[in-house]
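Topology and contacts: notes
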Amino acid sequence: MSAQGAALQNHNNELVKCIEDLREKRDEVLKQLREDEAEKAKTTQELQILSKRLAQVNESIARKSETKNEYDKVISETEAAYLKILESSQTLLTVIKREAVNIQKKKQASS
């Protein structure tokens, strides 16, 4: 019977050792889990900050794009008006030269 008692004691010791090993492994996993959860919380906070910043940058881009489009429109309209002025100036110059020639011809004809 003492052999059975010794065997039982060995099994008991082995079982206790296995349970302790399992607890150590569980505690290690628990430690890693807490570290991961802390990293997750930190990353989530950073993500919220970056998301807010991204929204601000997108709004800024939208406003600046609108302003640029307004500048483009004003520039285009101004260039078109300037071209009309140039055309009118060219026409006026042609008319003035023609009139000057006509006046010169009349002056020479009357002389």
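**Examining the overall build of the protein**
Each helix and strand in the protein was counted, giving 1 helix and 0 strands. In terms of overall size, the protein is more extended than a compact globule, its C-alpha atoms giving a radius of gyration of 47 Å where 111 residues would be expected to give roughly 13 Å. For the protein, the spread of C-alpha atoms along the principal axes amounts to about 160 × 20 × 10 Å. With the model as given, the accessible surface of the protein reaches about 10500 Å², and the carbon-plus-sulfur share is 59%.

**Section: a negative patch on the surface**
Together, Glu28, Glu35, Asp36, Glu37 and Glu39 line one region of the surface with negative charge. Note that Glu28 resides in helix α1 (residues 2-110).

**As for a nonpolar patch on the surface**
On the surface, Tyr82, Leu83 and Leu86 cluster together to form a nonpolar patch covering roughly 310 Å² of accessible area. Along the chain, Leu83 turns up in helix α1.

**Digging into the pattern of salt bridges**
Note on pairing: side chains with opposite charge can pair once their charged atoms come close. Applying the stated rule across the entire model yields 3 salt bridges. For Asp27, the salt bridge identified is with Arg26, shortest N-O distance 3.3 Å. The residue Asp72 makes a salt bridge to Lys68 at a minimum N-O spacing of 2.5 Å. Taken together, the positions of Asp72 and Lys68, both in helix α1 and 4 residues apart, correspond to about one turn of that helix.

**Topic: the environment of Glu35**
Tracing the sequence through the fold places Glu35 in helix α1. Given the relative accessible area of 45%, Glu35 is considered partly exposed. A sequence separation of 29 residues divides Glu35 from Ala6, and the C-alpha atoms of the two residues are 43 Å apart.

What counts and what doesn't
Residues numbered from 1 in each chain as written. Predicted model: local features only at pLDDT ≥ 70, side-chain atom pairs only at ≥ 80, totals over all residues. Heavy atoms only, no water. Helix = DSSP H or I, 4+ residues; strand = E, 2+ residues; numbered from the N terminus. Rg over C-alpha atoms; globule rule 2.2 N^0.38 Å. Areas by Shrake-Rupley, 256 points an atom, 1.4 Å probe, with all protein chains shown as cover. Patch = residues over 30% accessible without salt bridge, like charges linked within 9 Å, V, L, I, M, F, W, Y side chains within 5 Å. Salt bridge = Lys/Arg side-chain N within 4 Å of Asp/Glu carboxyl O. Lys, Arg positive; Asp, Glu negative; His and termini not counted. Charge placed at Lys NZ, Arg CZ, Asp CG, Glu CD. Buried < 20%, exposed > 50% of the residue type's maximum accessible area, 1.4 Å probe, protein only.

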